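# A structural walkthrough
Take a look at the letters that make up each chain.
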Amino acid sequence: MKITKTKKSWGIILLLLVIIALFAIYPVPPQAPIQYYDRETGVLNTEKVAAEKWLVWLYNNPVGEATLWALVKRKLVSSLYGTMMDRPSSTKKIQPFIAEFDIDRSSFQKQEFRTFNDFFTRKLKNNARPVDSTATSTVSPADGKILAYADISNSDFIIKGYLFDILSFLNNANLAKKYINGALVIIRLAPADYHRFHFPISGNVSSNTRIEGEYYSVNPLALRKMTEIFCLNKREYTIVTNPLFGDVVIAEVGATMVGSIVQTHKGDFVNKGDEKGYFKFGGSTVVLLFEKNKINIDADLLLNTLKGHETSVKVGEKIGVSMIRH
């Protein structure tokens, strides 16, 4: 029986689909759990990761990687998901989310929410996050897990042999020169965290600079495969000038399914602990850059980072002190 050209084409397409399907279900290698130190207790905990199987597949399976490149990292996908989280129907996701991640509701300013994003960008009660008031201290700008490096130019970032690329991150050669031998602090916000970010020091504040980019996940499961993610993703930064800390860069990095980064602060002067803005849905990151010889980062944060683990922190919690003496 003669095989027509159309049947042959459909046969090839079917074969390709079968091959793709087989690759898609091909098991990925087991992943090491994400562990972090609880700063209060000193205990090493294992993090519960939202959509963990999905993340592992995206960054470790050939079909997943193709999907990541073609769709998931694109702004359109994150924007569409963010729009869905702004719909009243998204409220049905709130209670299961709170239950899954055991989120304490007692610190919320309000208990009823109009949409999932309304819940996600929730404000906390005024006394929920005390801010360290010592003049010489700098504090965490967000709730999350922290990595800290005293000298960016001499520290492995995530993976041995990879250094944080300040020039690519800031996209400004002259500004990057100021921080080449400085300190780096990275606070990663998981989806279950409080998603408003605050100023870590007081001082005069510059205008906001935006850098367009992709929307890769900032979860360690992704960073293990792509250490350059922070320099590829959409990001914004502001510089706060303080006589005790010099010029401090405060940068917010977008990520997969982050609807947007919203800046809420006004004026050209801020106090330590003031709200700077918030992330809409998704895990995100705040990055701090300090000039050389301006900050002594707390020893426990440096030690835990050296061990290859993050440390849990809260907004307003001291993370370092000024090296400048007055």
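All of these numbers come straight from a predicted model, not from anything done at the bench. (Residues numbered from 1 in each chain as written. Predicted model: local features only at pLDDT ≥ 70, side-chain atom pairs only at ≥ 80, totals over all residues. Heavy atoms only, no water.)

### What about the overall build of the chain?
Looking only at helices and strands, the chain has eleven helices and 17 strands in total. Looking at the chain as a whole, 48% of its 326 residues are labelled buried. The long-range fraction of contacts in the chain, counting pairs at least 24 apart against all pairs at least 6 apart in sequence, stands at 73%. (Helix = DSSP H or I, 4+ residues; strand = E, 2+ residues; numbered from the N terminus. Buried < 20%, exposed > 50% of the residue type's maximum accessible area, 1.4 Å probe, protein only. Contact = heavy atoms within 4.5 Å.)

### Points about the side chain of Asp143
As for its position among the elements, Asp143 is in the loop between β3 (137-139) and β4 (144-149). If we ignore the near neighbours within four places in the chain, the residues touching Asp143 are Arg129, Ile187, Arg188, Leu189, Asp193, Tyr194, Val313, Lys314 and Val315.

### Focus on the sheet that holds strand β11 (residues 261-263)
The sheet built from three strands is open, its strands ordered β6-β13-β11 with antiparallel pairing. In this open sheet, the two edge strands, each paired with only one partner strand, are β6 (196-198) and β11. Between one strand and the next, the sheet's axes are offset by a mean angle of 25°, whatever the strand orientation. Examined bridge by bridge, β6 and strand β13 (residues 275-279) share three bridges and lie antiparallel to one another. The residue bridging Arg196 from the neighbouring strand is Tyr278, located in β13. (Pairing = 2+ DSSP bridges. Axes fitted to C-alpha atoms, helices over the stretch in contact; angles between N-to-C directions.)

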